[in-house]
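An overview of the molecular structure
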Amino acid sequence: MMRLRQYLTCAATIAGLALAGCTGTNIVPNTGSSSAEANGGKPGPSFTQFTDIPMPSNSSLDMDKSIIFGASDAWHGRLVLNAGGSPAQMYDFYEREMPNFGWSKVTVVRADISVLVYDRENRVATIKLTGGSFSGSVVDITVSPKG
């Protein structure tokens, strides 16, 4: 009985994410003139579509590892950022900034690989912080429905 419940929950989640992706809304960061000007005329990603999650100013989106469904403050999925700050700096940034965006802390683990979990309305955000290949850090943000 428990196995059936887990299977149905998993199937419902996958179906919900698939349907959310059919809305026709592209939430992958766009390129704007201000981004192009800041990068010497080369277009770069803009985080303006992610208004409910703080984005470090010294970060770039890893498009190959990110997948987003939905739009505005109702998006779900995974954002992977390459940030210029150390994992400790990114931990302090998210711990300080998430409440400013309406997120409430659920739990945190500060270690070599840190994990911060927040909730807001009907969504949960999990932020995993690891060291980058050469410098900086990788910020992996997963936002999913609560429940």
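Before reading on, note that the structure itself is shown above.
Residues numbered from 1 in each chain as written. Predicted model: local features only at pLDDT ≥ 70, side-chain atom pairs only at ≥ 80, totals over all residues. Heavy atoms only, no water.

**Let's talk about the overall build of the protein**
Across its full length, the protein carries 3 helices and 7 strands. Going residue by residue from the N terminus, the α and β elements of the protein occur as α-α-β-β-β-α-β-β-β-β. Within the protein, the proportion of its 147 residues that are buried is 35%. A sequence separation of at least 24 residues applies to 41% of the contacts in the protein between residues at least 6 apart. Summed over all atoms, the accessible surface of the protein reaches about 8700 Å², with 56% contributed by carbon and sulfur. (Helix = DSSP H or I, 4+ residues; strand = E, 2+ residues; numbered from the N terminus. Buried < 20%, exposed > 50% of the residue type's maximum accessible area, 1.4 Å probe, protein only. Contact = heavy atoms within 4.5 Å. Areas by Shrake-Rupley, 256 points an atom, 1.4 Å probe, with all protein chains shown as cover.)

**Overview of the pattern of salt bridges**
Per the stated rule, a full pass over the model turns up 7 salt bridges. Between Lys 105 and Glu 95 there is a salt bridge; the shortest N-O distance is 3.0 Å. Taken together, the residues span a long stretch of sequence, with Lys 105 in strand β4 (residues 104-109) and Glu 95 in helix α3 (residues 87-97) at a distance of 10 residues. In this structure Lys 105 comes out as partly exposed when scored by relative accessible area, which is 46%. Between Asp 119 and Lys 146 there is a salt bridge; the shortest N-O distance is 3.1 Å. Of this pair, Asp 119 sits in strand β5 (residues 114-120) while Lys 146 is found in the segment after β7 (137-145), placing the two residues 27 residues apart along the sequence. The class of Asp 119 is partly exposed, set by a relative accessible area of 21%. Residue Lys 146 is classed as partly exposed on the basis of its relative accessible area of 41%. (Salt bridge = Lys/Arg side-chain N within 4 Å of Asp/Glu carboxyl O.)

**A closer look at the packing of aromatic side chains**
With the rule as written, the count across this model stands at 2 aromatic pairs. When the centroid spacing of 5.3 Å and the interplanar angle of 75 degrees are considered together, the rings of Phe 50 and Trp 75 count as edge-to-face. Here Phe 50 is found in the loop between α2 (33-38) and β1 (59-61), whereas its partner Trp 75 is found in the loop between β2 (67-69) and β3 (76-83), with 25 residues between them in sequence. The class of Trp 75 is buried, set by a relative accessible area of 0%. When the centroid spacing of 4.9 Å and the interplanar angle of 90 degrees are considered together, the rings of Phe 93 and Tyr 94 count as edge-to-face. The class of Tyr 94 is buried, set by a relative accessible area of 0%. (Phe/Tyr/Trp six-rings, centres within 6.5 Å; stacked < 30°, edge-to-face > 60°.)

**Comments concerning unusual backbone geometry**
Even without being glycine, Glu 121 reaches a positive phi, approximately 50 degrees. Within the secondary structure, Glu 121 is located in the loop between β5 and β6 (123-131).

**Considerations on the side chain of Thr 130**
On the secondary structure map, Thr 130 appears in strand β6. Ignoring anything within four residues of it in the chain, the contact list for Thr 130 reads Pro 87, Ile 113, Ser 137 and Val 138.

**A word on the environment of Val 109**
Following the sequence through the fold, Val 109 ends up in strand β4. Using a relative accessible area of 46% as the deciding quantity, one classes Val 109 as partly exposed. As a C-alpha pair, Val 109 and Tyr 91 span 18 residues in sequence and 9.9 Å in three-dimensional space. Every residue in contact with Val 109, bar those within four places of it in the chain, is listed here: Tyr 91, Ser 114 and Val 115.

**What about the nonpolar core?**
Among the nonpolar cores identified, the biggest contains 23 residues, and Ile 53, Leu 79, Tyr 94, Met 98, Ile 127, Val 139 and Ile 141 are the most heavily contacted of them. Among the elements that take part in this core, α3 stands out by supplying 4 residues, more than any other. Beyond its immediate sequence surroundings of up to four residues, Met 98 is in contact with Ile 53, Pro 54, Trp 103, Tyr 118, Ala 125 and Ile 127. (Core = buried A, V, L, I, M, F, W, Y, C linked by side-chain atoms within 4.5 Å.)

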